[in-house]
Amino acid sequence: MTLMKKEVHVVGAVIMEGDNILCAQRGATKTLAHKWEFPGGKIEAGETPEAALHREIEEELGAEIAIDHHIADCTYEYDFAVVHLATYACRLLSGEPVSEEHIRLAWRKRSELPELDWAAADWPTIDALTSG
Ligand SMILES: Nc1nc2c([nH]c(=O)n2[C@H]2C[C@H](O)[C@@H](COP(=O)(O)OP(=O)(O)OP(=O)(O)O)O2)c(=O)[nH]1
């Protein structure tokens, strides 16, 4: 019998300010330890992706965002789960982001994004942000 892996639907906020993008580093004790990702998290039952994004950014950064448009979808099979990640271009409306869950927050220029060690599911988003 083959065991089905857990499937999780995740949203990530690509928060932009001019040419800078907010990047977040996962903690040492988490899955994907020390990898960089976009703030966000799992969509809960009955929630729209947009509602999940607003909720997660309030919880993780203490900030309010506007969601402008979808950037990329990626499905990646990690050893612990199959993650379906959808990313959205966002802007800060209020609040200076404070890290409640990440070990580090960093603003990076678009062209510098590939220098960070991103979670595997994030690469299509990084490619979309740095191409053209
Ligand atoms: N928020 C976020 N999660 C991402 C990204 N890329 C990526 O592979 N993930 C993965 C990491 C987690 O396994 C999952 C997001 O769930 P979560 O935000 O609830 O993560 P978590 O570590 O607190 O939860 P868990 O692993 O303890 O279940 O998606 C990304 O850019 N942003």
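Now for a description of the structure that goes with this document. What you see is a predicted model; the values in this text were computed from it and never measured.

**Overview of the site of the ligand**
Here is step 1: Around the ligand lies a shell of 17 residues, among which Arg 26, Lys 30, Phe 38, Tyr 78 and Asp 122 are the nearest.
Here is step 2: Between the ligand and Phe 38, the relevant distance is 2.7 Å, taken from a nitrogen atom to a main-chain nitrogen or oxygen of the residue.
Here is step 3: One nitrogen or oxygen atom from the side chain of Lys 42 is found 2.7 Å from an oxygen atom belonging to the ligand.
Here is step 4: Contact with the protein chains hides 83% of the accessible area of the ligand, taken as 610 Å² for the molecule alone.
Here is step 5: In this structure, the ligand is accommodated by the largest pocket.

**Section: the pattern of salt bridges**
Here is step 1: Counting across every chain of the model gives nine salt bridges.
Here is step 2: Between Glu 77 and Lys 5 there is a salt bridge, with the nearest N and O atoms lying 2.9 Å from each other. Taken as a pair, Glu 77 in strand β5 (residues 64–77) and Lys 5 in the segment before β1 (7–17) lie far apart in primary sequence, 72 residues in all.
Here is step 3: On the basis of relative accessibility, which here comes to 54%, the residue Glu 77 falls in the exposed class.
Here is step 4: Between Arg 91 and Asp 68 there is a salt bridge, with the nearest N and O atoms lying 2.7 Å from each other. You can see Arg 91 sitting in strand β6 (residues 82–94) and its partner Asp 68 sitting in strand β5, a full 23 residues away along the chain.
Here is step 5: Through salt bridges with shared partners, a single ionic network connects Glu 44, Glu 47, Arg 55, Glu 56 and Glu 59.

Rules and cut-offs
Residues numbered from 1 in each chain as written. Predicted model: local features only at pLDDT ≥ 70, side-chain atom pairs only at ≥ 80, totals over all residues. Heavy atoms only, no water. Near = heavy atom within 4 Å. Polar contact = N/O pair within 3.5 Å; in protein donor to acceptor, adjacent residues only side chain to side chain. Areas by Shrake-Rupley, 256 points an atom, 1.4 Å probe, with all protein chains shown as cover. 1 Å grid on protein atoms, 1.4 Å probe; cavity = no way out; pocket = protein on both sides within 12 Å on 5 of 7 lines; lining within 4 Å. Sits in = over half its atoms within 2 Å of the grid points. Salt bridge = Lys/Arg side-chain N within 4 Å of Asp/Glu carboxyl O. Helix = DSSP H or I, 4+ residues; strand = E, 2+ residues; numbered from the N terminus. Buried < 20%, exposed > 50% of the residue type's maximum accessible area, 1.4 Å probe, protein only.

Limitation: the analysis is restricted to geometry and does not speak to function.
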